[in-house]
Amino acid sequence: MPESEDEAMDFWDVLWTVTGAGLILLMLVDVFYTLLYPHGSGPVCRTIMRGCWHLS
């Protein structure tokens, strides 16, 4: 048991760490999918392009 709250990671630290790791993993999967299947693009890339198209 930690001595004080400063020594323990609180809920938000864990949440931001897991979210950041998940985003990095998602981007790596998208890059490798794009490299392995050059006829198409990764699902994240496609979603970003579609969103930009709708905004413009």
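Residues numbered from 1 in each chain as written. Predicted model: local features only at pLDDT ≥ 70, side-chain atom pairs only at ≥ 80, totals over all residues. Heavy atoms only, no water.

(A) Just the packing of aromatic side chains, in detail. For the structure shown, the criterion picks out one aromatic pair. Between Phe 11 and Trp 12, the aromatic rings sit 5.2 Å apart at their centres with planes inclined by 75°, giving edge-to-face as the arrangement. (Phe/Tyr/Trp six-rings, centres within 6.5 Å; stacked < 30°, edge-to-face > 60°.)

(B) Looking closely at the side chain of Asp 30. Considering the arrangement of structural elements, one finds Asp 30 in helix H1 (residues 11-36). Residue Asp 30 is classed as buried on the basis of its relative accessible area, which comes to 8%. Ignoring anything within four residues of it in the chain, the contact list for Asp 30 reads Gly 42, Pro 43, Val 44 and Cys 45. (Helix = DSSP H or I, 4+ residues; strand = E, 2+ residues; numbered from the N terminus. Buried < 20%, exposed > 50% of the residue type's maximum accessible area, 1.4 Å probe, protein only. Contact = heavy atoms within 4.5 Å.)

(C) Structural context of the environment of Leu 26. Tracing the chain through its elements places Leu 26 in helix H1. Relative accessible area serves as the criterion here: at 41%, Leu 26 is assigned to the partly exposed category. Through-space distance from the C-alpha of Leu 26 to that of Pro 43 is 9.7 Å; in sequence the pair is 17 residues apart.

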